[in-house]
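Topology and contacts: notes
This is what each chain is made of:
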Amino acid sequence: MNASSADALPSVQLPGAAAPRFDNRLLAELPGDAETGPRRREVRTALWSRVAPEPVPAPRLLAWSREVAETLGLDETAMRSDALCEVLAGNALLPGMDPFASNYGGHQFGHWAGQLGDGRAISLGEQLTADGQRREWQLKGAGPTPYARFADGRAVLRSSIREFLCSEAMHHLGVPTTRALSLVGTGEAVVRDVMYDGHPAPEPGAVVCRIAPSFLRFGHFELPAVRGETEVLRQLVDFTIARDFPEFHAAFGPHTPDAETRYADWFAEVCTRTARMVAEWMRVGFVHGVMNTDNMSILGLTIDYGPYGWVDDYDPDWTPNTTDAQGRRYRFGWQPAVARWNLMRLAQALSPLFGDAAPLQAGIDRFGVVYAEADRDITARKLGFAECRDADVALIRDLHALMHASEADMTLTFRALADVTPQAAQAGPPAELSSDAFARCPALRAAFYDTARRDAQAEGWQAWLQRYAMRLAEDALPPEARAARMAAANPLYVLRNYLAQQAIDLAGQGDLSELHALQELLRQPYTAQPGCERFAALRPDWARERVGCSMLSCSS
Ligand code: AMP
Ligand code: MG
């Protein structure tokens, strides 16, 4: 079956009052490909190609986000309807949808990779919601497109669960991200070689419906720039400012500055948003895993959840991505530097629109300033201070070093620190207080993966906790305000790699209970939930080196 044209797909209506309105501005305003359908090809002077999803045999709604559904005006009846399930699987379209794949390039692992494009993502349309927002629906895994190159255009249940759970978890953590409306099982097997070691095997297939105001990436700007298609590039930049940065666009008002000033201000805004996004990743312990420029959203949203991971034992050198194990380019601690490098590639792509490089350099400098500000703000929030003083930068750096040296769990450590009281500072110098290094913070004692390594650092911890207590004693925040500030900055529950893997293993056997339990839990990551203690525990030993738990491949 090959529905290369949207006409081949049935049009369906949703039950009740739900009738999303689509206005497909990207197709209307940007140059597109004359050819329709999934034939693999190079596409020049065009930013998109019309291509319809390829139908699947037995779609089944496995999970959905009620918050996303609500923003789209979809009630429970609509969500549970067969009609919508068919749409979310790529078997049918709603009135006004006009499916397409977009064209982009990118730098992968530091090297220009040429045309990439949406190889298995098909946008269905841009919904205009009742509150005037624009929300693009995009199916991931709905079949091949002109950009699929040698791959099949499909996605496995394993990676789809990871994207579905994590993008929603990130939203509830307060990290800018694309969202996920639904997870649909296709009833069709997809063959993958999980560790790329010559053991291909069939796995259940799935489709995630992602939602974002825009799915434009840095790579969308790089491709026309590298090809010398300067007019296409200019059209894309003008379009992006007008559609995706409306507040920004409007702010120019009647005093529209010259194009170069407008572009420079917009680029600085992209740098600002990217800096804030990465600072938030560092706050919660998220490692993206594949920060290629084709995986960087122009809106500063976390996008493309592949071999990402969550830091358990604090280690700035850790990368979850096995493909990255050698160079560790995308390790946790390097993410701010990589984001900056990616912005330099974007600046380079935009340079044909500028007379000289100074305004672009100003944007890059802005990244550094905004990141440093965000980092200080996060330091104050995570440690529970009214504001970050210069000495606090050293305080948290020393904490990170201790956590690293003694294999402390990042999430549990920061939650435990809320127990340290300013009064502990009055108990005298470390040696006189107690022979117990953790007397000032008993909860911390249980936050380590290796008790021998913990004990080897006991003196360091005792001294650091004394410093921290003294700093707290000088701080202006009253205890309740400090507790609230810390609890809102330090999540109790994150999508630990092994937790996602357990949900995946059970879902593969047809049991969705753990998937749903995790989804529910992660709606309130900062609030202790009764009966959920097991989700806020140290990673078990068996998960330390297991595939899917600490090692993720790009195979998806
Ligand atoms: P990623 O590393 O997943 O961000 O993907 C890089 C490029 O490969 C993008 O152009 C994707 O659309 C494409 N791609 C990844 N997996 C598939 C697949 N199964 N079928 C088609 N294209 C794919
Ligand atoms: Mg990608």
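In this text the structure is predicted, and so the values were computed from the model without any measurement. (Residues numbered from 1 in each chain as written. Chains lettered and ligands numbered in written order. Predicted model: local features only at pLDDT ≥ 70, side-chain atom pairs only at ≥ 80, totals over all residues. Heavy atoms only, no water.)

**Re the coordination of the magnesium ion (ligand 2)**
The following threshold applies: A 2.8 Å cut-off from the metal defines N, O and S donors, relaxed to 3.2 Å for Na, K and Ca; water is not in the atom list, so some sites may appear incomplete. Accessibility here uses a 1.4 Å probe with only protein chains present; expressed as a share of the type maximum, an area under 20% marks a residue as buried, one over 50% as exposed, and anything in between as partly exposed.
For the magnesium ion (ligand 2), the full set of protein donor atoms is N295 (OD1) and D304 (OD), at a range of 2.0 to 2.2 Å. Note on D304: relative accessible area 14%, which makes it buried.

**So, the site of ligand 1**
Our working definition: For this purpose, a residue is taken to be near a molecule or strand whenever a single non-hydrogen atom of the residue falls within 4 Å of it. We define a polar contact as two N or O atoms separated by no more than 3.5 Å, with the added condition that, inside protein, one atom must be a possible hydrogen donor and the other a possible acceptor, whereas residues neighbouring each other in sequence contribute only through side-chain atom pairs. Per-residue accessibility takes into account occlusion by the displayed protein chains alone, with areas from the Shrake-Rupley method and a 1.4 Å probe. Gly falls in the polar group here, along with every residue not listed as nonpolar (Ala, Val, Leu, Ile, Met, Phe, Trp, Tyr, Cys, Pro) or charged (Asp, Glu, Lys, Arg).
Taken together, 17 residues lie around ligand 1, and G117, G119, R149, G153 and N295 are the ones closest in. A distance of 2.7 Å separates an oxygen atom of ligand 1 from a polar backbone atom of G119. Contacts to ligand 1 include R154, whose backbone N or O atom sits 3.2 Å from a nitrogen atom. In the complex, the protein chains occlude 80% of the 480 Å² of accessible area that ligand 1 would expose alone. Here the shell around ligand 1 is built from residues that sort into 4 nonpolar, 5 polar and 8 charged.

**Considerations on helix 17 (residues 479–489)**
We apply this condition: Only DSSP runs of H or I with at least four residues qualify as helices, and only runs of E with at least two residues qualify as strands; both kinds are numbered from the N terminus onward. The reported arc concerns the directions from the helix axis to the C-beta atoms and nothing else. Any two residues whose heavy atoms approach within 4.5 Å are treated as being in contact.
For helix 17, the full list of buried residues reads R482, M486 and A489. Down the axis of helix 17, the smallest arc covering the buried residues is 70°, so these residues share one side. On its buried face, helix 17 is in contact with helix 9 (259–284), helix 11 (358–383), helix 13 (410–416) and helix 16 (458–474).

**Examining the packing of aromatic side chains**
Here is the rule: Centres within 6.5 Å make a pair out of two Phe, Tyr or Trp rings, where for Trp the six-membered ring is used; the pair is then stacked when the planes are under 30 degrees apart, edge-to-face when over 60, and tilted otherwise. Only when the NZ of Lys or the CZ of Arg is both within 6 Å of the ring centre and within 35 degrees of the ring normal is a charge said to sit over the ring.
Taken as a whole and judged by the stated rule, the model has 18 aromatic pairs. Ring geometry for F385 versus Y468: centroids 5.9 Å apart, planes at 55°, classification tilted. With F385 in the loop between helix 11 and helix 12 (390–405) and Y468 in helix 16, this pair connects stretches of sequence that are 83 residues apart. The residues F385 and Y468 share a single accessibility class, namely buried. Joined through ring pairs, the aromatic side chains of W281, F286, Y305, Y308 and W310 make up one cluster. Cation over ring: R471 sits above F385, and NZ or CZ is 3.9 Å from the ring centre. Above the face of the Y449 ring, R539 is positioned so that its terminal group lies 4.4 Å from the ring centre.

**Observations regarding the packing of helix 10 (residues 335–350) against helix 11**
Two quantities define a packed helix pair, namely the angle between the helix axes and the distance between the axes. To keep things clear, this is the line we draw: Between the N-to-C directions of two axes lies an angle of 0 to 180 degrees, each axis being a line fitted to C-alpha atoms and, for a helix, fitted only over the stretch in contact. With respect to orientation, any angle under 35 degrees is reported as roughly parallel, any angle over 145 as roughly antiparallel, any angle of 65 to 115 as roughly perpendicular, and every other angle as oblique. Handedness of a crossing follows from how the near helix is turned relative to the far one, being left-handed for an anticlockwise turn of less than a right angle and right-handed for a clockwise one.
Running from amino to carboxyl end, helix 10 crosses helix 11 at an angle of 160°, the nearest separation of the two axes being 10 Å. Regarding the angle of helix 10 to helix 11, the classification is roughly antiparallel. For the element pair helix 10 and helix 11, the recorded crossing hand is right-handed. Contact residues: helix 10 offers P336, A339, R340, L343, M344, A347 and L350, while helix 11 offers L360, Q361, I364, F367 and Y371. Of the residues belonging to the contact of helix 10 with helix 11, the class tally is 10 nonpolar, 1 polar and 1 charged.

**Structural notes on the nonpolar core**
Quick note on the threshold: Side-chain atoms within 4.5 Å link the members of a nonpolar core, which is a set of buried Ala, Val, Leu, Ile, Met, Phe, Trp, Tyr and Cys residues.
With 130 residues, the main nonpolar core has W266, W310, L350, L383, L417, L444 and Y468 as its most contacted residues. Among the elements that make up this core, the one with the highest residue count is helix 9 (13 residues). Among the nonpolar cores identified, the runner-up in size contains 32 residues, and F22, A69, L84 and L88 belong to it.

**Side note on unusual backbone geometry**
The phi dihedral of F109 falls on the positive side, at around 50°, and the residue is not glycine. For F109, the position within the fold is in the loop between strand 5 (105–108) and strand 6 (111–115). We classify F109 as partly exposed; its relative accessible area is 28%. The backbone of E407 shows a phi angle near 55°, a positive value even though the residue is not glycine. Structurally, E407 can be placed in the loop between helix 12 and helix 13.

**Focus: the pattern of salt bridges**
Put simply, the rule reads: Each reported salt bridge corresponds to a side-chain nitrogen of Lys or Arg within 4 Å of a carboxyl oxygen of Asp or Glu.
Scanning the model with the defined rule gives 46 salt bridges in all. Measuring nitrogen to oxygen at the nearest pair gives 2.8 Å for the salt bridge that ties R50 to D98. Placement of R50 in strand 2 (residues 48–50) and of D98 in the loop between helix 4 (82–89) and strand 4 (100–102) is noted, with a sequence separation of 48 residues between them. For R534, the salt bridge identified is with E514, shortest N-O distance 3.0 Å. With a gap of 20 residues between them, R534 in the segment after helix 19 (513–521) and E514 in helix 19 connect regions that are remote in the sequence. Assessed through its relative accessible area of 46%, R534 is described here as partly exposed. One salt-bridge network, held together by shared partners, links D23, E126, R134, E136, R243 and D244.

**Quick word on helix 9**
Selection criterion: A helix's residues, less one, multiplied by 1.5 Å, set its expected span.
Taking 1.5 Å per residue, 26 residues should reach 38 Å; helix 9 reaches 38 Å between its end C-alpha atoms and fits that length. Here helix 9 lies mainly inside the structure; 20 of its 26 residues are buried. Of the residues flanking the end of helix 9, it is G285, one or two places downstream, whose phi is positive at about 85°.

**Focus: the confidence of the model for the protein chain**
Worth spelling out the cut-off: pLDDT expresses how confident the predictor is about each individual residue, on a scale running from 0 to 100.
In this model, the protein chain carries a mean pLDDT of 95, and residues with pLDDT of at least 70 account for 96%. Within the protein chain, the element-level pLDDT minimum falls on helix 14 (residues 430–433), averaging 51, and the maximum on helix 6 (residues 218–226), averaging 99.

**Let's talk about the packing of helix 9 against helix 10**
Running from N to C, helix 9 and helix 10 point in directions that differ by 160°, and their axes come no closer than 10 Å. With respect to each other, helix 9 and helix 10 are oriented roughly antiparallel. The way helix 9 lies across helix 10 gives a crossing that is right-handed. On helix 10, the residues that touch W266, F267, V270, C271, T274, V278, W281 and M282 of helix 9 are Q335, P336, A339, L343, L346, A347 and L350. Tallied by class, residues from the contact of helix 9 with helix 10 come to 13 nonpolar, 2 polar and no charged.

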